[in-house]
Every structure is written in structure tokens, then in C-alpha cells.
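The residues making up each chain are set out below.
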Amino acid sequence: MPEGHDKDDISGLILGVSLRDRRAFDRLYRATSAKLFGVCLRVLGNRPEAEEAVQEVFVKVWLKADRFSVTGQSPMSWLIAIARNQAIDRLRRRRETAGNLDDAALGMRDPGPGPEVRAIQAGERRRLDGCLGELDGDRAAAVRGAYLDGDSYADLARRHDVPLNTMRTWLRRSLMRLRECLDR
Amino acid sequence: MSVVETAGAEDEDDILAAEFVLGVLPFADHAVLERRTETDARFAARVADWHDRLLPLSGDFGMADPAPSVKQALDARLFGLPARRSAAIWGSLALWRGLAGIATAVLLLALALPWLRPDPARLVAALADPTSGVHYMAVYDRDGGAVGLSHVSGTPAAGRDFELWVIEAGRPPVSLGVIPAGAPSARLTLDQPLRAAIRPGARLAISLEPAGGSPTGLPTGDVVAAGDLRDL
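The shown structure was predicted, so the numbers you read here are calculated from the model rather than taken from an experiment.

K.L.:
What exactly am I supposed to notice about the packing of helix H2 (residues 22-44) of chain A against helix H4 (residues 68-79) of chain B here?
P.N.:
Two packed helices can be described by the angle between their axes and the distance between those axes. Two elements in contact, H2(A) and H4(B), have axes whose closest approach is 12 Å; the angle formed by their N-to-C orientations is 155 degrees. What the angle tells us is that H2(A) and H4(B) run roughly antiparallel. Both H2(A) and H4(B) take part in a crossing whose hand is right-handed. Every residue of H4(B) that contacts H2(A) at Arg22(A), Phe25(A), Asp26(A) and Tyr29(A) is listed here: Val70(B), Lys71(B), Leu74(B), Asp75(B), Leu78(B) and Phe79(B). Classifying every residue of the contact of H2(A) with H4(B) gives six nonpolar, no polar and four charged.

In C-alpha cells:
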């Protein structure tokens, strides 16, 4: 990933894409495809499917760029949301859990200092971790599992060996606590 | 005390937004909420807040380069480059996108030449929809109080007309007028009260209406293209 992209650069590129500027689209792809592919790879667990998914992600980016400005989201938040949605949709459709593939086999790199890392204050991460830490251990793990691995309520209930409704009650309560803590 | 059991409607919406962002709900429920994000601005804002709240977790996603063939396939699909022939539907999309690209470039150049600085007197919107293939560029001239439309692609069915609307969040659409059929460009001069609604962030939309425009004062047919106004 090229260095030197910040939030405003990425916003500007998305705006360019909304005006159908192909060079902006190419630059956006160069700046963010490794991260968005990383999202798809983590959720889907295999390269061929993740490559199809990341292609869909960028088709959506091209088609929906004009909606970015009204969401009020930060640019990486918007892009990662599209990638997670796409990957999780696929995962749901596939209806089978991905095996434990090791990072080397997937060609994963360590999360480097990409735009999202620089855009996110280290403090925000500490704050979220702190608030997750206030939840009971397995509830925080459920939030992370859903966000990072695309676990559904059904997956989480199976993993934590509780009825689905119990799982939902737990997680909903945890999300409220999390919000109270973050908005404090 | 259970937080959930004492939750009011507002909180319920906020939890639903969080569940939607996490993606934990069954597919059908998730799809219902996804449609809601497109029609309910307050709910969409809650969703955006949750995306931002949880964004720090995305630091745990690794990075990996997709194979170069991914970008080639993407370009072929979006722009019709010769990487490989794709399905016929993409051919037509590529065509209108190509036209749209040319029209956008011409329009932007035409606009940029006289005013090389940002122009606070003008707003611009690209109105497009890949499904309908309808694409217009719209420029609002604050001084003249008129919307200029440049036709890129798409025509109404015989005996019907396109009508232009402005939509502000939380309000019913307001008609800006019927778009003259078949004209490469059109200028709709707005009455004074309408002009206040034309602001950055407001949405312009084109709907398919009976000849002469909607008989009800509200859109009666499908929206065939839409886009948001932004400062030029």
C-alpha cells in the first residue's frame, strides 16, 4: 500500500470516483485494495472467493460513490463497511464455516500502517478495547467474532453453547453497554 | 436491570443498527434493515455511527494484495476494457459509462474554463442509475435560479415523461419540472420558493411519469436516476 494517504486523500478519491474519474478510481484501488482484500480474506478464508468478493466491493464503490458524502462516515469506515457487507453476504450464502487456514497460505501481511491505521487515533483503539474489556470476556469475544469473522447469531450461539435467543440478549445488552461506555 | 428490556423505541433502533453493522442477523432480517438504510435517514445515521464506533477493530484485518487479474477483470467489467469479454449486460453498462465519462469530462471542462476557482454560485449532481441506464448531469446556477440538465443516456417510454424532483431528508419530494423529452440539454427555471431547497447534499431524482408529469404532485412512477448535489 502506498504511503502518504490520509483521510482527506481517500475522501477526495471517492469524490473523484463519484464524478466518474477513472484515474481517481485507479488510485483508490491502489491505496485501499490490500486492506479491503484483507477484510474479504479474513471473513471468507480463501483467496479465490475473496478475490471475487473484492471485485464486487469495487464495483459497488464505483456505483455508490455519490452516496458516500451523505453518510457522514469516515472514508475508510465507509469502504470497510462495503467490504464487510459483501464478504459477510457471501459467507451467509455459502452457509458453511471457513476452515482455519493459516495466514501464510493466504498470503496475509501484518496490518501495516495503512490509511485506516493513521486515520484512527491509537487512542480510539485503546478506548474501544477498554470498553470491550468492561464486558464479560466471552461477550467481547462475540463482538469481535461478529465484526472480524462475520459470525452470525447462529454461529455465536453454537460456539458459546447457548440458545440463540440467549445469545441475542447477551449481545444486544453488550452493545448497549459498549455504546454507553464509548459515548461517556 | 436489563438494559434491553427497558429499551425505548429509540434504543431499539440503535441496537438494530448495531446488529446490522455487526452482520449477526439472519439474512432476511439483514436485508430488511439494508433497505431501511436507504429510506430512513435517521436509521442510516445510526448505522453510520456504529460503523465509526467499531472501526478501530478493523485494525485487526490484515492486508494482502489481490492478484493483478482482479483489477483487470474489474476494469473489463466496469469500463469494457479488453481483458476478457464479459456478459452482454456489462457491454451496455460499459457503453453508458463511457458516454457518461465523456459527457462528464466535457461538462466539467466547460464549467471549469470560465471559472478556474471554486464556484460558490454553482452546484452539480450526476444523476445515474445502472439498472435503468438513465444518466443526466445537472448543474444548478444560484444566480439564475435554474437547473441546467445535460442528457447523457436513457429515454422515457413512448407516451411518458421524465420529471425532476428535489428531495431533502425527511421531506416529500418537490417537483422541479418535466424534462423535455429527447432534448440534449434543458434548463428548468425555478420559482423563488423552490430555490431554497436546492442546497449541497439535497438529492435530485428523476422519475418516470405519465406524459406532462405527475398528476398528483408527488412521484407516481419509478425513480430512474438520482444523485446528490454538491458544490462545484
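K.L.:
Looking at this structure, I do not really get helix H9 (residues 153-160) of chain A. What am I missing?
P.N.:
The periodicity of an α-helix, 3.6 residues per turn, causes residues three or four places apart in sequence to face the same way. Those residues of H9(A) that sit buried are Tyr153(A), Asp155(A), Leu156(A) and Ala157(A). In this structure, the buried side of H9(A) is in contact with helix H4 (75-94), helix H8 (137-149) and helix H10 (164-183) of chain A together with helix H1 (9-22) of chain B. Phi turns positive, to about 55 degrees, at Asp161(A), one or two residues after H9(A).

K.L.:
Looking at this structure, how should I read the packing of aromatic side chains?
P.N.:
In this description, a pair of aromatic rings is defined by centroid distance and the angle of the planes. All told, the structure shown has eight aromatic pairs over all chains when counted by the stated rule. Ring geometry for Phe25(A) against Phe79(B): centres 5.7 Å apart, planes inclined by 80 degrees, an arrangement best described as edge-to-face. Within this pair, whereas Phe25(A) is found in helix H2, its partner Phe79(B) is found in helix H4, the two belonging to separate chains. As far as burial versus exposure is concerned, Phe25(A) and Phe79(B) are alike and both buried. When the ring of Trp62(A) is compared with that of Phe79(B), the centres are 4.9 Å apart and the planes differ by 90 degrees; the resulting orientation is edge-to-face. Here Trp62(A) is found in helix H3 (residues 47-71), whereas its partner Phe79(B) is found in helix H4 on a different chain. Residue class for Phe79(B) comes out buried when judged on its relative accessible area of 15%. Seen from the ring of Phe43(B), Arg36(B) lies directly overhead, with NZ or CZ sitting 4.3 Å from the centre. The lysine or arginine in question, Arg53(B), covers the ring of Trp50(B), its NZ or CZ lying 4.6 Å from the ring centre.

K.L.:
In this structure, what is going on with H10(A)? I would like to understand it.
P.N.:
Taking 1.5 Å of rise per residue, the 20 residues of H10(A) would be expected to cover 28 Å, and the 28 Å separating its terminal C-alpha atoms lies within 8% of that figure. Contact partners of the buried residues in H10(A): helix H7 (122-134), H8 and H9 of chain A together with H1 and helix H3 (41-54) of chain B.

K.L.:
What exactly am I supposed to notice about the confidence of the model for chain A here?
P.N.:
Caution is warranted with low-pLDDT regions, since their predicted coordinates should not be read in detail. Predicted confidence across chain A gives a mean pLDDT of 82, with 81% of residues reaching 70 or more. Ranking the helices and strands of chain A by mean pLDDT puts H2(A) first, with 94, and helix H5 (residues 103-106) of chain A last, with 38.

K.L.:
Looking at this structure, I do not really get the interface of chain A and chain B. What am I missing?
P.N.:
Each partner contributes to the interface: chain A provides 76 residues, whereas chain B provides 57 residues. Roughly 6500 Å² of surface becomes buried between chain A and chain B when both sides are summed, with 61% attributable to carbon and sulfur atoms. Three residues stand out in chain A for area buried against chain B, namely Gln55(A), Tyr147(A) and Arg172(A), and they jointly supply 10% of the buried area on that side. Remark: the boundary between chain A and chain B carries nine salt bridges. For Glu19(B), the salt bridge is made with Arg172(A), and the minimal N-O distance between the two is 2.7 Å. For the interface between chain A and chain B, the tally reads 23 residue pairs in polar contact (both at pLDDT 80 or more). At the level of secondary structure, the elements contributing two or more residues to the side of chain A that touches chain B comprise helix H1 (7-18), H2, H3, H4, H7, H8, H9 and H10 of chain A. Among the elements that take part in the side of chain A that touches chain B, H3(A) stands out by supplying 14 residues, more than any other. Residue composition of the side of chain A that touches chain B, by class: 36 nonpolar, 15 polar and 25 charged.

K.L.:
Would you take a moment to explain the nonpolar core for this structure?
P.N.:
One recurring pattern in soluble globular proteins: nonpolar side chains tend to sit buried together. Within the largest apolar cluster, 77 residues are counted, with the highest numbers of intra-cluster contacts made by Leu79(A), Tyr147(A), Leu171(A), Leu22(B) and Leu54(B). It is H2(A) that provides the largest number of residues to this core, a total of 12 residues. Leave out the neighbours within four places in its chain, and Leu79(A) touches Ile10(A), Ile14(A), Leu28(A), Thr32(A), Leu36(A) and Val61(A).

K.L.:
Looking at this structure, how should I read the state of the cysteines?
P.N.:
Covalently bonding the sulfur atom of one cysteine to the sulfur atom of another cysteine gives a disulfide. Residues and elements named next belong to chain A. Under the counting rule described, the total for this entry stands at one disulfide over all chains. Here cysteine 131 connects covalently by a disulfide to cysteine 181, the sulfurs 2.0 Å from one another. Note on the cysteine 131 and cysteine 181 pair: the S-S dihedral is about -75 degrees, so by sign convention the disulfide is left-handed. Of this pair, cysteine 131 sits in helix H7 while cysteine 181 sits in helix H10; the two residues are 50 residues apart in sequence, bridging distant segments of the chain. Accessibility classification places cysteine 131 together with cysteine 181 in one group, the buried group.

K.L.:
How do you make sense of the pattern of salt bridges when you look at a structure like this?
P.N.:
Opposite charge on two side chains makes pairing possible when the charged atoms of those side chains draw close. Tallying each qualifying case throughout the model produces 24 salt bridges over all chains. Of the charged contacts, one joins Arg159(A) and Asp151(A) as a salt bridge, the two residues approaching to 2.9 Å between their closest N and O atoms. Judged by relative accessible area, Arg159(A) falls into the exposed class, the value being 54%. With its nearest N and O atoms 2.9 Å apart, the salt bridge here joins Glu19(B) to Arg168(A). Taken as a pair, Glu19(B) in helix H1 and Arg168(A) in helix H10 lie in two separate chains rather than in one. Looking at Glu19(B), the relative accessible area reads 0%, which means it is buried.

K.L.:
What is the right way to read the confidence of the model for chain B from this model?
P.N.:
Residues and elements named next belong to chain B. Looking at chain B, pLDDT values average 79 and 79% of them are 70 or higher. The spread of mean pLDDT over the elements of chain B runs between helix H5 (residues 88-112), the lowest at 57, and H3, the highest at 92. Predicted confidence is poor over residues 1-6, with pLDDT under 50, and the contacts of this stretch with residues over four places away or in other chains come to 11 contacts. A low-confidence stretch, residues 83-91 (pLDDT under 50), is modelled with eight contacts involving residues beyond four sequence positions or located in other chains.

Reading the values: the criteria
Residues numbered from 1 in each chain as written. Chains lettered and ligands numbered in written order. Predicted model: local features only at pLDDT ≥ 70, side-chain atom pairs only at ≥ 80, totals over all residues. Heavy atoms only, no water. Axes fitted to C-alpha atoms, helices over the stretch in contact; angles between N-to-C directions. Helix = DSSP H or I, 4+ residues; strand = E, 2+ residues; numbered from the N terminus. Parallel < 35°, antiparallel > 145°, perpendicular 65-115°, else oblique. Left-handed = near helix turned anticlockwise from the far one by under 90°. Contact = heavy atoms within 4.5 Å. Nonpolar A, V, L, I, M, F, W, Y, C, P; charged D, E, K, R; others polar. Buried < 20%, exposed > 50% of the residue type's maximum accessible area, 1.4 Å probe, protein only. Phe/Tyr/Trp six-rings, centres within 6.5 Å; stacked < 30°, edge-to-face > 60°. Lys NZ or Arg CZ within 6 Å of the ring centre and 35° of its normal. Expected span 1.5 Å × (residues − 1). pLDDT = per-residue confidence, 0-100. Buried area = accessible area lost by both parts, 1.4 Å probe. Salt bridge = Lys/Arg side-chain N within 4 Å of Asp/Glu carboxyl O. Polar contact = N/O pair within 3.5 Å; in protein donor to acceptor, adjacent residues only side chain to side chain. Core = buried A, V, L, I, M, F, W, Y, C linked by side-chain atoms within 4.5 Å. Disulfide = S-S within 2.5 Å.

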